[in-house]
Structures are given as structure tokens and as C-alpha cells.
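Each chain, written out:
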Amino acid sequence: MAINTMEVLTQLCELPGPSGSEELVIKQAQELLEPYMDKTWVDALGNLIGVKKCGKQGAKRLLIDAHIDEIGFVVTEIEEGFLKFSALGGFDARLLPAAGVTVMAEPPLDGVVCVLPPHILRPEDIARTTKIEDMYIDVGLSQAEAQRSIPIGTPGVLVSFTRTLGKDAVCSKALDNRAGFVAILSALEQIKDITLNVDLYIMASVEHEVGVRGAGAGANAIAPDYCIVVDTANAKTPDATEDEAREKVGNGVIVARGPNMNRAFTDSILQHAKEKQIKHQLKVLPSGMSNTSAREIQISQTGVITAFIAIPLKYMHSANEVVLFDDIDSTARLLSETIKAMKGA
């Protein structure tokens, strides 16, 4: 039975899991992953890893990775009950004024990023973007209450609820990259009764948004022969040029080509997409580093044969990211067909 994509996305995306504080979302992801694996565990860095052995001697190892952390913030100071903070990951300061946030204290606290009403803005400030280091979060507490409740270093995330847009799209925070992890779960459901030729490893990696830290450490421990990295990629919107975002939602899974990806392995994945008539689109990443987990996994150990596929996503690193269910489905199908076709030696 196919997984309920909307239900699982809601479970994962509404949990807070900024870089370095992914425990809640890792716990939920482990519950979702366990039925498909022989064994799951969380490593010292916090990566969730699962393995399904094929039982064949000398079998190759295939790793499929999707980072599961999200952008967030960390409290740095408290002034008159208001919280100063620094970003964890690539925040766009334009999106923050008046944004709702969750401060991951015990218990968690709701807050809002302070903003001056337009009635009292000076004309020269109307078009100016306030720097993150000049912003504050209001949690409705006095100085003494805030100091008791919120230790310096407490992390937090943007607030969002997961909902559909029309019939075909889902909107939420953290779809980058929990949509990728859901695509992996869907692929595992499709192959659950298939005899594999490789030992299959799944990794939900952490601390991606602050320097792609988890994926490299996890890959060094697993020592895979092959890896497919699943992530999201910027999709075309009316305000973006083709140089900024060429691929489109609804056009299927993105398969990337470039020096960060093994050419022969990528060609075989593309062949599966064509033979099985899986909707897909190509993306060229000409630089040596793709700024994804592939950049660290490819050069882990003595080198890993690596490919990168992605779900097209609009409004990345905001509280309202958007993907299409069909694009998640095409990503899952391409993964499942690739896994089934892998040779064991």
C-alpha cells in the first residue's frame, strides 16, 4: 500500500529540527523508516541510518541520503525580554519581520519577530532590509521570565502548518528536504517485497544547512560503493530568470549532471527514467561542488560513485515552500527502479 504522502509530510515538516537540534524529527523519521530496514540507528553526530541487507556475499553497498534538518535560529542575547538571535543556515532577512517562530525552550514558546508598523517608519527605512543582527523576537515575557525560561543558545524555527495548494501542491516549512526523505520512504514501499542485489543503506543526514556536516561523517562510517543524494532544487517562478531557476514544478524529478556526479552512474539513472517513462528533467551543475550532500559523500573514504536527484521546489528557505505531489512520486519511482536494477558485484 502506498504511503500517504500528505500525512507523512505533515508529521515531519511540522516538527522543529534546525541544524544541530534535529532530535525530534529524527525520532519520527526513525519510526517511519524502521519497517523497511533490518536495522536502524542514530550515530554520534545525530544522523539516522538504516540498512537492509541482501544476504549475498560480497554485495556492493548503495547509500541513499536525504538531509532532514531545516534552517533555524539560535538565541544569542536577551534584552528587556526580547531575544536577539543568529541564523542557522541561509535565512533571507527580508522574510523575517512579523514572522511567527517557535523557540525550542522547555516547554516550547511561541514568538514573533519584531517589526515596526508602516505608520511610524521613516521614509528612508521603508525600502531598507533590516539585518538579522538588528532584529529581535518577542515571546511576551519580561526580562526575568525570559532569562529563566530561555537559556542562551536555545534554537528555534519558523512557524508553519502543512496544507495543500489546489489539488496538486503542498506548502510548508522544511520541505527542503523532508520531501526528499518522504520520496525515499515511498521508494522503499515500492520495493519492500523485491529481492535486492545490493546492501541498501538509508541516511537522514543532519547539520546540512550549516556546512553539510552530517552526510560526510555518515558516509565515512558506511563506506558505500554507490550513493544517490536526494534533495530539493530551486524551481522556476515568474520573478526568476532561467539562469536563477530553469527547472519547473510538474516536470518531474530533476537529474543533475556535472563533475560532482559520476557520469556513468547518472547515465544509467537517466536510462531507467526513459525506459520506465518517468517524468524527469535535466540540470547542469558545472562547478566542482553542488552545495548538496553529494559534495561531501563523493570524496568520502577513497571516493564514492555518486549521483544527485532533486525535487523541484518553490520559495526555498521560507516558511512556505511548495512542491508538487507528482514530483515527489516521480522521484520515488526513479529511486525504486534504480535500486531494483543495481547489480551486486
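Residues numbered from 1 in each chain as written. Predicted model: local features only at pLDDT ≥ 70, side-chain atom pairs only at ≥ 80, totals over all residues. Heavy atoms only, no water.

This structure, assessed with the given rule, holds two aromatic pairs. Above the ring of W41, the side-chain terminus of K39 is found at 5.2 Å from the ring centroid. Between the NZ or CZ atom of R163 and the centre of the ring of F161, over which it lies, the distance is 4.6 Å. (Phe/Tyr/Trp six-rings, centres within 6.5 Å; stacked < 30°, edge-to-face > 60°. Lys NZ or Arg CZ within 6 Å of the ring centre and 35° of its normal.)

Closest axis-to-axis distance for the helix 6 (residues 263-275)/helix 8 (residues 325-341) pair is 9 Å, and the angle between their directions is 115°. In this structure, helix 6 crosses over helix 8, and the sense of that crossing is right-handed. Contacts between helix 6 and helix 8 involve F265, I269, H272 and A273 on the former and, on the latter, L334, E337, T338 and A341. When grouped by side-chain class, the residues that make up the contact of helix 6 with helix 8 number five nonpolar, two polar and one charged. (Axes fitted to C-alpha atoms, helices over the stretch in contact; angles between N-to-C directions. Helix = DSSP H or I, 4+ residues; strand = E, 2+ residues; numbered from the N terminus. Left-handed = near helix turned anticlockwise from the far one by under 90°. Contact = heavy atoms within 4.5 Å. Nonpolar A, V, L, I, M, F, W, Y, C, P; charged D, E, K, R; others polar.)

Another point: helix 4 (residues 175-190). When the terminal C-alpha atoms of helix 4 are compared, their 22 Å separation across 16 residues agrees well with the 22 Å that a helix rising 1.5 Å per residue should span. Among the 16 residues of helix 4, 15 are classified as buried, and the element is accordingly described as predominantly covered. (Expected span 1.5 Å × (residues − 1). Buried < 20%, exposed > 50% of the residue type's maximum accessible area, 1.4 Å probe, protein only.)

What follows concerns the sheet that holds strand 8 (residues 137-138). As summarised here, the arrangement of the six strands in space is 4-5-8-7-6-9, forming a closed barrel in which the pairing is antiparallel. Where strand 6 (residues 100-103) meets strand 9 (residues 155-158), three bridges bridge the pair, whose relative direction is antiparallel. Pairing of V101 across the sheet is with L158, part of strand 9. (Pairing = 2+ DSSP bridges.)

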